[in-house]
Amino acid sequence: MTNLLSSLLVIMVMVISSSAHPGGLSPFFYDFSCPHATDIVSSVLERAILEDPRVAASLLRLHFHDCFVQGCDASILLDKTPTMASEKDAGPNKNSVRGFEVIDEIKAKVEQVCPHTVSCADILAIAARDSVLMSGGPYWEVALGRRDSKTANFKEANTNIPPPNSTIQNLLSLFNRQGLDEQDLVALSGGHTIGVARCVTFRQRLYNQNNNNQFNAPLEKAYYNNLKVSCPPSGGDNNISPLDVASPLRFDNTYFRLLLSHKGLLISDEALLAGNVGKRVELVKAYANDEALFFHHFAGSMRKMGNINPLVGLKGEIRHNCHRVN
C-alpha cells in the first residue's frame, strides 16, 4: 500500500508539473516523492568543493556538455558498452570532463533516501546551480522532473559542443541549434569566470599554427608571455591555466573585464569581441560594468539551457546507477 501511495504521489506531481510548466518540469517536482533531494546534493557538493575547488567549474561544464547533446538527459554520464560509444570519449570530453565521482556520491546518497526517484539528469542540473552559488554566483530556481536517457550520442558530442577554437559564426550556429540566442551565448560564456583550460585547447591561440588571422587577436603582452611558459609549442598538452586569471575560483564578472583587457584565454572567448561592434560587444561591456546584470542574465540563460529537450513523463528512465542504463 505504501509503495502504491508513493507511486500515485509521483504521478500526481508529474501531472501537475506537466500542466503548469513548459517542458513538463517544475521546481516542486520532488516535494512529495523526495523532499530532501536538493539538500543532499548541496551537502555532498559543499564538502567536495571544499576539498577540490575546481569541482565547481567541472560540474557546471558537465551540465552544459550534457544539455548540448540530445538534451539535458544525463547521457554524458553513460559508460561505453559493446554496442554504444560513450560521449565521454568524444573529442570535447575526452581527458577533459570531470566530476563524475561527485555525481556518483550524490546519486548513492539520494538512492538511500529515495530509491529510484531522482534522475541523474536532475542531479546534474541542481549540482550546476549549487556549484555556481557556492562559488559566489547567482541563485536560480531549477525546474525538475527530467528523466535519464537510455542512449548516448557520440556523434552529437563531437558536432554539437562548441570547440575552444570556435569562430563567432560557429558559436552562434551551435547555440541557435539548441534554441539559445546571442545573449545566451555571451551570458553563458561568463561561466568561464571559474575553471581552467588545458594547454592543448589554447595553444593555437598562442602560436597561430594555422596562419589564420583570427588566431592572431592581440593578447596583453605579460599575459601572453606567461601563457607561453605554461604552454610550449609542443608537449605539455595537459598543463592547465585559469580561464579567469584574476579570480579563477570565484564566480564574478571579472571574465568580461579581462576580455576587454585582451586577456581572454580561448579563441572562443576572444570571438565574443569579433568585429568590435554589435550586441555581443555591448553585452560584454555591460557585464564588465554591472555584475548584477550579468548574474541576472546568466541565471536566465541557465534556466533556458536546462530546459533543452528534457525527457519527461514515461520517456527515458530513472537510472539506479548514473553510469549505465537499468
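In this text the structure is predicted, and so the values were computed from the model without any measurement.

Draft legend 1. Broad picture of the overall build of the protein chain. Helix and strand counts for the protein chain stand at 14 helices and 2 strands. In terms of C-alpha radius of gyration, the protein chain reaches 20 Å, essentially the compact-globule figure of 20 Å for 326 residues. Projecting the C-alpha coordinates of the protein chain onto the three principal axes gives extents of approximately 70 × 45 × 35 Å. When each of the 326 residues of the protein chain is scored for burial, the buried share is 51%. Considering only contacts within the protein chain whose residues lie at least 6 apart along the sequence, 75% involve residues at least 24 apart. If you sum the accessible surface of the protein chain, you get close to 14,600 Å²; carbon and sulfur atoms cover 54% of it. Taken together, the 31 basic and 32 acidic charged side chains of the protein chain have centroids lying 5 Å from each other.

Draft legend 2. The arrangement of the state of the cysteines in detail. Enumeration according to the criterion identifies 4 disulfides in this entry. The disulfide partner of Cys199 is Cys231, and the gap between their sulfur atoms is 1.9 Å. Judged by the sign of its S-S torsion, about 70°, the bond between Cys199 and Cys231 is right-handed. Here Cys231 lies in the loop between helix 10 (221–230) and strand 2 (240–242) and Cys199 lies in helix 9 (residues 199–207), a separation of 32 residues in the sequence. For the residue pair Cys199 and Cys231, the accessibility class agrees, reading buried in each case. Ordering the disulfide-forming cysteines of the protein chain by sequence position, one finds them joined as 1-4, 2-3, 5-8, 6-7.

Draft legend 3. Structural view of the layout of surface pockets. Counted as a void, the largest pocket has a volume near 1,100 Å³. Secondary structure elements with two or more residues in the lining of the largest pocket: helix 3 (55–67), helix 7 (168–177), helix 8 (182–189), strand 1 (196–198), helix 9, helix 12 (267–270) and helix 14 (291–305). Of the residues belonging to the lining of the largest pocket, the class tally is 22 nonpolar, 12 polar and 6 charged.

Draft legend 4. View of the confidence of the model for the protein chain. In this model, the protein chain carries an average pLDDT of 90, and 90% of its residues clear a pLDDT of 70 or more. Low pLDDT, under 50, characterises residues 1–21; the predicted model gives this stretch 15 contacts beyond four residues in sequence or across chains. In the model, residues 209–213 has pLDDT below 50 throughout and makes 5 contacts with residues more than four positions away in sequence or in other chains.

Draft legend 5. Just helix 14, in detail. In this model, helix 14 (15 residues) spans 21 Å end to end at C-alpha, consistent with the 21 Å of a helix rising 1.5 Å per residue. Within helix 14, burial applies to Phe294, Phe295, His297, Phe298, Ala299, Ser301, Met302 and Met305. Of the residues that open helix 14, the one with a side-chain oxygen 3.2 Å from the backbone nitrogen of Ala292 is Asp290.

Draft legend 6. Spotlight on helix 2 (residues 37–51). Its 15 residues place the ends of helix 2 22 Å apart at the C-alpha level, agreeing with the 21 Å of an ideal helix rising 1.5 Å per residue. Those residues of helix 2 not exposed but buried are Ala37, Ile40, Val41, Val44, Leu45, Ala48 and Ile49. One face of helix 2 carries all of its buried residues, which in axial projection span an arc of 150°. Facing away from the buried side of helix 2 by more than 90 degrees, the exposed set consists of Glu46 and Leu50.

Draft legend 7. Geometry of the packing of aromatic side chains. By the definition in use, this model includes 14 aromatic pairs. Ring centres 4.9 Å apart and planes at 70° place the aromatic pair Phe256 and Phe294 in the edge-to-face group. Taken together, the residues span a long stretch of sequence, with Phe256 in helix 11 (residues 254–260) and Phe294 in helix 14 at a distance of 38 residues. Judged by relative accessible area, Phe256 falls into the buried class, the value being 0%. Here a set of aromatic residues connected by ring pairs shows up, and it is made of Trp140, Phe251, Tyr255, Phe256, Tyr287, Phe294, Phe295 and Phe298. Note that Lys88 overlies the ring of Phe100, its terminal NZ or CZ placed 4.5 Å from the centroid.

Draft legend 8. A look at the environment of Phe100. Positionally, Phe100 belongs in helix 4 (residues 100–113). Residues in contact with Phe100, not counting those within four places in the same chain, are Leu62, Ile76, Leu77, Lys88 and His323.

Draft legend 9. View of the domain arrangement of the protein chain. Per the domain assignment, the segments of the protein chain are domain 1 (36–159) and domain 2 (162–305). A C-alpha centroid distance of 23 Å is found between domain 1 and domain 2. Both sides of the domain 1 and domain 2 interface together cover about 1,900 Å² of buried area, and 73% of this is carbon and sulfur. Inspection of the region where domain 1 meets domain 2 yields 2 residue pairs in polar contact (both at pLDDT 80 or more). Mapped by element, the contributors of at least two residues to the side of domain 1 that touches domain 2 are helix 3 and helix 5 (120–134). Top contributing element to the side of domain 1 that touches domain 2 by residue count: helix 3, with 6 residues. Its residues assigned to classes, the side of domain 1 that touches domain 2 comprises 13 nonpolar, 7 polar and 3 charged.

Draft legend 10. Examining the packing of helix 3 against helix 14 more closely. Interhelical geometry of helix 3 versus helix 14 gives an angle of 45° and a closest axis separation of 10 Å. Relative to helix 14, the element helix 3 is oriented oblique. Of the residues in helix 14, those in contact with Leu60, His63, Phe64 and Cys67 of helix 3 are Phe298, Met302 and Met305. In the contact of helix 3 with helix 14, the residues fall into 6 nonpolar, 1 polar and no charged.

Reading the values: the criteria
Residues numbered from 1 in each chain as written. Predicted model: local features only at pLDDT ≥ 70, side-chain atom pairs only at ≥ 80, totals over all residues. Heavy atoms only, no water. Helix = DSSP H or I, 4+ residues; strand = E, 2+ residues; numbered from the N terminus. Rg over C-alpha atoms; globule rule 2.2 N^0.38 Å. Buried < 20%, exposed > 50% of the residue type's maximum accessible area, 1.4 Å probe, protein only. Contact = heavy atoms within 4.5 Å. Areas by Shrake-Rupley, 256 points an atom, 1.4 Å probe, with all protein chains shown as cover. Lys, Arg positive; Asp, Glu negative; His and termini not counted. Charge placed at Lys NZ, Arg CZ, Asp CG, Glu CD. Disulfide = S-S within 2.5 Å. 1 Å grid on protein atoms, 1.4 Å probe; cavity = no way out; pocket = protein on both sides within 12 Å on 5 of 7 lines; lining within 4 Å. Points joined across faces, edges and corners; volume = space filled by probe spheres on them. Nonpolar A, V, L, I, M, F, W, Y, C, P; charged D, E, K, R; others polar. pLDDT = per-residue confidence, 0-100. Expected span 1.5 Å × (residues − 1). Polar contact = N/O pair within 3.5 Å; in protein donor to acceptor, adjacent residues only side chain to side chain. Arc of directions from axis to C-beta. Phe/Tyr/Trp six-rings, centres within 6.5 Å; stacked < 30°, edge-to-face > 60°. Lys NZ or Arg CZ within 6 Å of the ring centre and 35° of its normal. Domains from an automatic or database assignment. Buried area = accessible area lost by both parts, 1.4 Å probe. Axes fitted to C-alpha atoms, helices over the stretch in contact; angles between N-to-C directions. Parallel < 35°, antiparallel > 145°, perpendicular 65-115°, else oblique.

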